[in-house]
Amino acid sequence: MDITKLEQKSKCIFAVKLADRARSYLWENNAKDLIKEALKVSRQWIRTEGNAGEVLYDFLDNEENGFTLFQELEEDEKKIHAWDCIIDAVAYVSRAAYEREGAKYLPEPIETVDDSIFAHMAHSLILWRCGT
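A look at the overall build of the protein
When helices and strands are counted, the protein shows seven helices and zero strands. In terms of its C-alpha atoms, the protein occupies a principal-axis envelope of roughly 40 × 40 × 25 Å. Counted over contacts in the protein with a minimum sequence separation of 6, partners at least 24 positions apart contribute 67%. Working note: accessible area of the protein is about 7,700 Å², and carbon and sulfur atoms make up 48% of it. Taking the average place of the 17 positive charges on the side chains of the protein and the average place of its 25 negative ones, the gap between the two points comes to 10 Å.

What follows is the structure in structure tokens.
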């Protein structure tokens, strides 16, 4: 199956489902509620296509409790791969939301997000499941 040929909404659904699987590995993490909330906002955006680009981006790049910060502090390789998958999924939905909102400018990390992110997500999920 070529994921890149799906409609954007289906791609977002797929990304959130992958992130939800990866989330199960981080159940003991103190960010589990934030991950759950980010995936909830992502699902809500998929249903309503409201304004969520900035909200989702804030889950990724927040100075106090951003997902990228949690990932940088992680030492367990499997958990780092789980974070990769979650970060990629939220970034993908954030990009879709920004585009739907008609944003002229995107945060720099979101500018680089495209369909190639699915290969990275799948790779991260495989490494998470099988180990490095």
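Notes on the environment of Lys9
With respect to the helices, strands and loops of the structure, Lys9 is situated in helix α1 (residues 8-23). Taking the relative accessible area as the measure of exposure, Lys9 reaches 39% and is therefore partly exposed. Remark: the alpha-carbon pair of Lys9 and Arg47, spanning 38 residues in sequence, is separated by 8.9 Å.

Description of the packing of aromatic side chains
Both the distance between ring centres and the angle between the ring planes are used here to describe each pair of aromatic rings. Applying the stated criterion across every chain yields a total of five aromatic pairs. For the pair Phe14 and Phe118, a centre-to-centre distance of 6.0 Å together with 50 degrees between the ring planes defines the contact as tilted. A residue pair is termed long-range when its members are at least 10 positions apart, and Phe14 in helix α1 and Phe118 in helix α7 (residues 117-130) qualify at 104 residues. Ring geometry for Phe59 versus Phe67: centroids 5.9 Å apart, planes at 35 degrees, classification tilted. In this structure, Phe59 and Phe67 share a single accessibility class: buried. Each member of the aromatic cluster is reached from another via a ring pair, and the members are Phe59, Phe67, Phe70 and Trp83.

A few points about the packing of helix α2 (residues 32-48) against helix α3 (residues 53-60)
When two helices pack together, their arrangement is given by the angle between their axes and by how far apart the axes lie. Between α2 and α3, whose axes approach to 10 Å, the crossing angle comes to 160 degrees. In terms of axis orientation, α2 runs roughly antiparallel to α3. As for how α2 packs across α3, the hand of that crossing is left-handed. Here Leu34, Glu37, Ala38, Val41 and Ser42 of α2 lie close against α3, whose contacting residues are Val55, Leu56 and Phe59. Of the residues assigned to the contact of α2 with α3, the class counts are six nonpolar, one polar and one charged.

Digging into the pattern of salt bridges
Scanning the entire structure with this criterion turns up five salt bridges. One salt bridge in this structure joins Arg23 and Asp20, with 2.9 Å as the shortest N-O distance. You can see Arg23 and its partner Asp20 sitting in helix α1, three residues apart, about one turn around the helix. Judged by its relative accessible area of 27%, Asp20 falls in the partly exposed class. Through salt bridges with shared partners, a single network forms among Asp20, Arg23 and Arg43.

Cut-offs applied
- Residues numbered from 1 in each chain as written.
- Predicted model: local features only at pLDDT ≥ 70, side-chain atom pairs only at ≥ 80, totals over all residues.
- Heavy atoms only, no water.
- Helix = DSSP H or I, 4+ residues; strand = E, 2+ residues; numbered from the N terminus.
- Contact = heavy atoms within 4.5 Å.
- Areas by Shrake-Rupley, 256 points an atom, 1.4 Å probe, with all protein chains shown as cover.
- Lys, Arg positive; Asp, Glu negative; His and termini not counted.
- Charge placed at Lys NZ, Arg CZ, Asp CG, Glu CD.
- Buried < 20%, exposed > 50% of the residue type's maximum accessible area, 1.4 Å probe, protein only.
- Phe/Tyr/Trp six-rings, centres within 6.5 Å; stacked < 30°, edge-to-face > 60°.
- Axes fitted to C-alpha atoms, helices over the stretch in contact; angles between N-to-C directions.
- Parallel < 35°, antiparallel > 145°, perpendicular 65-115°, else oblique.
- Left-handed = near helix turned anticlockwise from the far one by under 90°.
- Nonpolar A, V, L, I, M, F, W, Y, C, P; charged D, E, K, R; others polar.
- Salt bridge = Lys/Arg side-chain N within 4 Å of Asp/Glu carboxyl O.

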